[in-house]
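What follows is each chain in one-letter form.
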Amino acid sequence: MWLWVAGMFGFNLKHCDQYRLQAAMTEACTYGRLHIAEWLLQNVHDQLLNIPMLLQEAGRNGWIKMFSSLLQHFHFDKSDMQIATSQALENGHLGIAELGIKKLAKKTQSNTRLDIGNALIKACHHGEIDIVQAIIRKVDTSMLDVKTALNEACANHMHEELVLWILENTDHEQLDLKNVEIKAVRHHWRTTQFAIAKVDTEEFDQVEQDTETDYIVIP
């Protein structure tokens, strides 16, 4: 393996500089050559490599074993974690995304909210139900713009399953149910129309109960 790397980049391991080592790692990551990236990580001092870049590329390429190992052995800034997790989400690598989300879920800073929120909206836009489920299950939905995400899902007539799952697993106070109802009629989503009607009935019953309680006279 080293002969291939040396021949490709023209350097000797004992005398190579940081620039060439990083170039070798970048080349390996760009073209998805996991075996080369792993070899460099094992045989080159980590201070000579761009480890945050490697985490991002592991997320983008779906290298879950490397991603997990990097999380165990190195400390990453929140911004690096956010970028790497977003890369995994955008490329459909759910296992890696879940690892990243689990780390980020412990954070409450606004920039974390922004990055994961954007990932949720994008996943809803593309109908990636597995990714949406992973985010909503791992992250406090008060940190997410679930309303916009659901509206994105409703825009496509093929996403009824996703819309129903969000309706069943999120706080309706965060949602624009009127928009969902309009899109359900437009897309002929009978199941969703029934679900919305059920929500309306339950809310009406609750209002009636609250009203009756308000007028109870205690002798």
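Residues numbered from 1 in each chain as written. Predicted model: local features only at pLDDT ≥ 70, side-chain atom pairs only at ≥ 80, totals over all residues. Heavy atoms only, no water.

Asks: Quick question: what am I supposed to make of the overall build of the protein chain here?
Replies: Within the protein chain, the regular secondary structure consists of 13 helices and zero strands. The order of α-helices and β-strands along the protein chain, N terminus first, is α-α-α-α-α-α-α-α-α-α-α-α-α. Long-range contacts, defined here as pairs at least 24 residues apart, represent 67% of the contacts in the protein chain between residues at least 6 apart. A total accessible area of about 12800 Å² is found for the protein chain, and carbon and sulfur atoms account for 49% of it. (Helix = DSSP H or I, 4+ residues; strand = E, 2+ residues; numbered from the N terminus. Contact = heavy atoms within 4.5 Å. Areas by Shrake-Rupley, 256 points an atom, 1.4 Å probe, with all protein chains shown as cover.)

Asks: Just to check I follow, could you spell out the confidence of the model for the protein chain for this structure?
Replies: One rule of thumb: low pLDDT means the predicted coordinates there are not for detailed reading. The pLDDT averaged across the protein chain works out to 78; a share of 77% of its residues lies at or above 70. In this model residues 204-208 is a low-confidence stretch, pLDDT under 50, and it forms zero contacts with partners more than four residues away in sequence or in other chains. Contacts from residues 210-219, a stretch scored under 50 in pLDDT, to residues over four places away or in other chains number zero contacts. (pLDDT = per-residue confidence, 0-100.)

Asks: Help me understand the side chain of Asn 179 in this model?
Replies: Note that Asn 179 resides in helix 12 (residues 177-187). Take Asn 179: its relative accessible area is 16%, and that puts it in the buried class. Not counting residues within four places of it along the chain, the set of residues in contact with Asn 179 comprises Asn 151 and Cys 154. (Buried < 20%, exposed > 50% of the residue type's maximum accessible area, 1.4 Å probe, protein only.)

Asks: I would appreciate a short explanation of helix 12 in the present structure.
Replies: Every α-helical turn comprises 3.6 residues, leaving residues that sit three or four positions apart pointing alike. If you check which residues of helix 12 are buried, you get Leu 177, Asn 179, Val 180, Lys 183, Ala 184 and His 187. On an axial view of helix 12, the arc spanned by its buried residues comes to 155°, and they lie on one face. Opposite the buried face of helix 12, at more than 90 degrees from it, the exposed residues are Lys 178 and Arg 186. Where helix 12 ends, the next residue or the one after it, His 188, has phi of about 60°, a positive value. (Arc of directions from axis to C-beta.)

Asks: I keep staring at the state of the cysteines and nothing clicks. Help me out?
Replies: One covalent bond between the sulfur atoms of two cysteine residues makes up a disulfide. Applying the stated criterion to the full structure yields zero disulfides. Considering cysteine sulfurs only, Cys 154 is the nearest to Cys 124, which forms no disulfide, with 9.1 Å between them. (Disulfide = S-S within 2.5 Å.)

Asks: When you look at the pattern of salt bridges in this model, what are you seeing that I'm missing?
Replies: For the structure shown, the criterion picks out three salt bridges. As a salt-bridge pair, Glu 27 and Arg 33 come within 3.8 Å of each other at their nearest N and O atoms. On the basis of relative accessibility, which here comes to 27%, the residue Arg 33 falls in the partly exposed class. Of the charged contacts, one joins Arg 60 and Glu 57 as a salt bridge, the two residues approaching to 2.5 Å between their closest N and O atoms. You can see Arg 60 and its partner Glu 57 sitting in helix 4 (residues 51-61), three residues apart, about one turn around the helix. (Salt bridge = Lys/Arg side-chain N within 4 Å of Asp/Glu carboxyl O.)

Asks: Mind showing me how you'd approach helix 9 (residues 129-138) here?
Replies: With seven of ten residues buried, helix 9 lies mostly within the body of the structure. For helix 9, the set of buried residues is Ile 129, Ile 131, Val 132, Gln 133, Ala 134, Ile 135 and Ile 136.

Asks: What exactly am I supposed to notice about the packing of helix 7 (residues 94-104) against helix 9 here?
Replies: Each packed pair of helices is defined by two parameters, the angle between the axes and the distance between the axes. Contact pair helix 7 / helix 9: the axes reach a minimum separation of 10 Å and the direction vectors enclose 15°. It follows from the interaxial angle that helix 7 and helix 9 lie roughly parallel. For helix 7 against helix 9, the interelement crossing comes out right-handed. Residue-level inspection shows Leu 94, Glu 98 and Ile 101 of helix 7 in contact with helix 9, the latter providing Asp 130, Ile 131, Ala 134, Ile 135 and Lys 138. Classifying every residue of the contact of helix 7 with helix 9 gives five nonpolar, no polar and three charged. (Axes fitted to C-alpha atoms, helices over the stretch in contact; angles between N-to-C directions. Parallel < 35°, antiparallel > 145°, perpendicular 65-115°, else oblique. Left-handed = near helix turned anticlockwise from the far one by under 90°. Nonpolar A, V, L, I, M, F, W, Y, C, P; charged D, E, K, R; others polar.)

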